[in-house]
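Each chain, letter by letter, is given below.
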Amino acid sequence: MNNRDTRGAASNAGEPKHSASRRRFMKTVGMSSIAAATSGAGIGQAFADEGDAPTPTTADAPAAGKTRVSFTINGQMKQIDVAPNVILLDAIRDELQLTGTKKGCDHGQCGACNVHVNGTVVNSCLSLAVMHDGDEITTVEGLSKDGELHPIQQAFLDEDAYQCGYCTAGQMMTATYVLGSSHIGDSDDAVREAMSGNICRCGAYKNILSAVQSTRGKV
Ligand code: FES
Ligand code: FES
């Protein structure tokens, strides 16, 4: 996570309470985002060149120029063949069709692509897929269990902690890390600092903070 200060609480100060109809609408929209069911190319999504794209594995050796990588993602073992320059984000989205993880800046500056790798938060746009052989990865799709939203997902709904929802998956992956980290304080300032690498272009910071703090003790 970088140290950019992304606090934007002031932009939401004094915001009126949302109407019931808007909340219903946002819940519908948000469920798809929060449950990571959104699909398709998002803002700024770039695609790897055809020759760089991951390819499904077979029993045979990987194609020339590709490397076979095995990792556990959301509790399932996966094996893919990737070119050495394929980033983890593209492998997750394009090969495994886990499109909840978003590409925002593609430069490690916005946190939209954040996933957990071996228990820590990683900008998946800055990490090569071939570096993750044997790793344990969790994406936003792995937060819910048995059809039940993770408490942070429920809190984002309850607190209206998103507008377009593009940053939401990354926000929640960082938030769950923050909430589970004993070395990060529980004050509002500590949370803002710890999540300062997650940009919200809609300026939903005030409600994101509320969602994180209201989840404390539930994870
Ligand atoms: S897309 Fe990875 S940090 Fe912005
Ligand atoms: S809700 Fe739109 S970028 Fe954060």
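Residues numbered from 1 in each chain as written. Chains lettered and ligands numbered in written order. Predicted model: local features only at pLDDT ≥ 70, side-chain atom pairs only at ≥ 80, totals over all residues. Heavy atoms only, no water.

Looking at an unreviewed UniProt entry, the chain carries the name Oxidoreductase iron-sulfur subunit protein, with the source organism given as Salinisphaera shabanensis E1L3A.

1. Description of the overall build of the chain
Counting its secondary structure elements, the chain contains six helices and six strands. Written out in order from the N terminus, the α and β elements of the chain read α-β-β-β-α-β-β-β-α-α-α-α. Across the 219 residues that make up the chain, the buried fraction comes to 47%. Counted over contacts in the chain with a minimum sequence separation of 6, partners at least 24 positions apart contribute 66%. Here the chain displays about 10,400 Å² of accessible surface, and carbon together with sulfur accounts for 51% of that area. (Helix = DSSP H or I, 4+ residues; strand = E, 2+ residues; numbered from the N terminus. Buried < 20%, exposed > 50% of the residue type's maximum accessible area, 1.4 Å probe, protein only. Contact = heavy atoms within 4.5 Å. Areas by Shrake-Rupley, 256 points an atom, 1.4 Å probe, with all protein chains shown as cover.)

2. Examining helix α3 (residues 151-158)
An α-helical turn contains 3.6 residues, so any two residues separated by three or four positions project in the same direction. Within the sequence span of α3, burial applies to I152, Q153, A155, F156 and L157. Positive phi shows up at D160, right after α3, with a value of about 50°.

3. Quick notes on the pairing of strand β2 (residues 67-73)
Relative to strand β3 (residues 76-82), β2 runs antiparallel, the two sharing seven bridges. Within the sheet, the bridge partner assigned to T67 lies in β3 and is V82. Taken together, β2 and the strand that follows it, β3, pair antiparallel across an intervening segment of two residues, in which N74 is found at a positive phi of about 50°. As paired strands, β2 and strand β6 (residues 136-138) are joined by two bridges and run parallel to one another. Across the sheet, residue T72 finds its bridge partner in β6, namely E136. (Pairing = 2+ DSSP bridges.)

4. Some points on the pairing of strand β4 (residues 114-117)
Residues N114 and H116 of β4 are buried on one face, and the alternating residues V115 and V117, pointing to the opposite face, are buried as well. When β4 meets strand β5 (residues 120-123), the two strands line up antiparallel, connected through four bridges. Within the sheet, the bridge partner assigned to H116 lies in β5 and is V121. The hairpin turn running from β4 into β5, its antiparallel successor, is two residues long, and N118 in that turn takes a positive phi close to 50°. In the sheet, β4 pairs with β6 via two bridges, with the strands oriented antiparallel.

5. Topic: the pattern of salt bridges
Under the criterion given, the structure shown has four salt bridges. The partner of K103 in a salt bridge is D90, with the nearest N and O atoms 3.0 Å apart. One end of the pair, K103, is in the loop between α2 (88-95) and β4; the other, D90, is in helix α2, and 13 residues separate them in sequence. Each of the two residues, K103 as well as D90, counts as buried. A salt bridge links R192 to D189, with the nearest nitrogen and oxygen atoms 2.9 Å apart. Residue R192 and its partner D189 are located together in helix α5 (residues 188-194), separated by three residues, close to a single helical turn. Its relative accessible area of 24% is what places R192 among the partly exposed residues. (Salt bridge = Lys/Arg side-chain N within 4 Å of Asp/Glu carboxyl O.)

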